[in-house]
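# Chain and residue survey
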Amino acid sequence: MTQAEMKLCSLLLREHFGEIVEKIGTYLIRTGGQPLRAIAGETGLVLDQVKKALCVLIQHNLVTYRPQKRGFVEYEARCGRVLRILRYPRYIYTAKTLYGDTGELVVEELLLNGQMTMSAVVRKVADRLTETMEDGKAMDYADVSGTFVRLADTHFVQRCPAAPESPEGPPPPAPALVLSEKDMYAVPRLSLVGRGKRRRSCDEEEESGERRAKRQKQDGESSEPPPDDGIYWQVNIDRFHQHFRDQGIVGAVANRMDQTSSEIVRTMLRMSEVTTSSGAPYTQPLSSNEIFRSLPAGYNIAKQVLDQYLTLLADDPLEFVGKSGDSGGGMYTVNLHKALASLATATLESIVEERFGSRCARIFRLLLRKKHLEQKQVEDFAMIPAKEAKEMLYKMLSENFVSLQEIPKTPDHAPSRTFYLYTVNVASSARMLLHRCYKSVANLMERRQYETKESKRLLEKSQRVEAILASMQATGAEEAQLQEIEEMITAPERQQLETLKRNVNKLDASENQVDETIFVLESFIESTLKKP
């Protein structure tokens, strides 16, 4: 756990959950598993505050707990899961792309609340969608339920582990949560009938407290718990990562070959997306006949042409696609480990070119291809003058993009009798870049917070004016009155707000772009660790 990661986790927790949760989360990340009393003692917070903060962190899957032999319960932060908060906008956007506005709001609600029952999600999403519709129209619960079921079928949402029914006797200090694999994506059969409701207007809400309390009491007596009570759902982050990885592989094939090749690889990945685990080195073997039958309707290519494309992909030096047998017209798999290594290498090459120029990138690519080279060989192969090649190699060596390996001819390691070979260690370079990416995101977040803090007074004024305008428009105010309210913000202030909005949007976009690089590097590093 590096300092950069700790700092980023701390910033993310503060931004999304506030100071108290951030204090406890950061303490657990720094110290590891701790019991409740130790957390309260070390952080200086009231025990009740600590309990509530831990409830929030457990609800959002950011902290786990486990009972110890001596009877107390230990709480431990999941640093990797905290860093995933950075990717929430990308998960939501992906759900919107695949399943429309309904899918977007389902995923957004689950991310905002950590865990929810299906019935609660359906009602909340239906209400939110009804708000955006024209008067007289409402979103049907059945439509939202249908989208939720499709998300569960494609494994984008999954059930949370639940506490088993405890036997007679004293309850354990902490419940052991269990979930069988066959139930993980099983959607409960709900007959949710109804439509989304709009928020009530101010006049309707002016009921006396006595009448409202009476109605709530009556509702409480008549209402039964929902049929899916106790069955909670959460977003399956690994499945989203699998989708991002597949998109990256398809894009890489399209850049290297053509659109048809990428569509063939996309079809192979789509056929095995549910059957292949997120950490598997290969997809399930697929026959040429199966791939042909599963191609999208728009691709009217002959079976013979498909076989030629598959042969071409299998013979490609990058080895994204491999042939694993000859039955069924040929069995083919996608080599996920090699694909991730290629994506990470392309990212490294791109960064070297941006930072040091095209000639350094030429040397870097040369070392990647040849593995080990002496300085004289680098000069000859790259066709760069000796002085410039030396400068470039030392520059990349000082920045840890290139490493130097000594091979002595004699045991005394005398410099005159030692070979000095330059090489690129892709895994260590990826780790170094990942660390820098974390620092970059933390800096971007701090800059965004500073920009917002500097213009806090102006932002509050702008929000007040917008609220006044909205209420006046709702009551049917005249144009002249609205104009007068708008003029409360002067022209220089309006310009300042525009500049602030533009700067904050740039910083947000930069955070998302850096996170894309983080995802590629993290996926590659994880695949090297899992590789047998």
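Everything here concerns the structure above.
First, a word on scope: everything that follows refers to the structure included in this document. Since we're looking at a predicted model, the values are computed, not measured. (Residues numbered from 1 in each chain as written. Predicted model: local features only at pLDDT ≥ 70, side-chain atom pairs only at ≥ 80, totals over all residues. Heavy atoms only, no water.)

## Brief notes about the overall build of the chain
Where we set the bar: Comment: elements are numbered from the N terminus, with helices defined as DSSP H or I runs of at least four residues and strands as E runs of at least two. Remark: exposure states derive from per-residue accessible area (1.4 Å probe, protein chains only) relative to the maximum for the residue type, with buried under 20%, exposed over 50%, and partly exposed in between. Contact definition: two residues touch when any of their heavy atoms are within 4.5 Å. For every accessible area listed, the method is Shrake-Rupley and the probe measures 1.4 Å; residues are considered covered only by the protein chains on display. Charge counting treats Lys and Arg as positive and Asp and Glu as negative, with His and both chain ends excluded. For this purpose, a charge sits on NZ of Lys, CZ of Arg, CG of Asp or CD of Glu.
Each helix and strand counted, the chain has 22 helices and 11 strands in total. Taking all 532 residues of the chain together, 41% fall into the buried category. If you take every contact in the chain between residues at least 6 apart in sequence, the share linking residues at least 24 apart comes to 64%. As displayed, the chain offers around 30,300 Å² of accessible surface, 50% of which is attributable to carbon and sulfur atoms. When the 72 basic and 74 acidic side-chain charges of the chain are each reduced to a single mean position, those positions are 5 Å apart.

## Things to note about the pairing of strand β2 (residues 63-67)
Which entries qualify depends on this criterion: Paired strands, in this sense, are two strands between which DSSP finds at least two bridges.
Sheet topology places β2 next to strand β3 (residues 73-77); 5 bridges connect them, and they run antiparallel. Residue pairing for β3: Y65 is matched across the bridge by Y75. Counted between consecutive antiparallel strands, the loop separating β2 from β3 contains 5 residues, among which G71 sits at a positive phi close to 105°.

## Looking at the pattern of salt bridges
Heads up, the condition is: We define a salt bridge as a contact between a side-chain nitrogen of Lys or Arg and a carboxyl oxygen of Asp or Glu at a distance within 4 Å.
Enumeration according to the criterion identifies 29 salt bridges in this entry. For the salt bridge of D307 with K303, the shortest nitrogen-to-oxygen distance reads 3.0 Å. Of this pair, D307 and K303 are both found in helix α14 (residues 303-315), 4 residues apart, which corresponds to roughly one turn of the helix. Classification of D307 by relative accessible area gives partly exposed; the value is 24%. Taken together, the salt bridges that share partners define one network made up of E15, R448, D508 and E511.

## Quick look at a negative patch on the surface
Which entries qualify depends on this criterion: Patch rule: a residue counts if its relative accessible area is over 30% and it has no salt bridge; like charges are joined within 9 Å, and nonpolar side chains (Val, Leu, Ile, Met, Phe, Trp, Tyr) within 5 Å.
Together, E479, E484, E486 and E487 give the surface a local cluster of negative charge. Here E484 lies in helix α21 (residues 479-486).

## Digging into the packing of aromatic side chains
Put simply, the rule reads: Think of it this way: a Phe, Tyr or Trp ring, Trp meaning its six-membered ring, pairs with another when their centres are within 6.5 Å, and the plane angle makes it stacked under 30 degrees, edge-to-face over 60, tilted otherwise.
The full count for this structure, using the stated rule, is 8 aromatic pairs. Their ring planes at 75° and their centres at 6.1 Å tell us that Y99 and F156 sit as a pair that is edge-to-face. Here the residue Y99 occupies a position in helix α6 (residues 88-113), and F156 occupies one in the loop between α8 (141-153) and β5 (157-159), the gap between them amounting to 57 residues. Overall, the relative accessible area of 3% leaves F156 in the buried class.

## Brief notes about the sheet that holds strand β6 (residues 232-235)
Counted only if it meets this: Each axis is a line fitted through C-alpha atoms, taken for helices only over the stretch in contact, and angles between the N-to-C directions span 0 to 180 degrees.
The sheet built from 3 strands is open, its strands ordered β4-β6-β5 with antiparallel pairing. Two strands in the sheet have a free side with no partner beyond their single neighbour: β4 (116-117) and β5. The pairing of β5 with β6 spans 3 bridges and is antiparallel. Across the sheet, the residue bridging to V157 is V235, located in β6. Docked against the sheet, α6 engages β4, β5 and β6, running at close to 100° with respect to β6.

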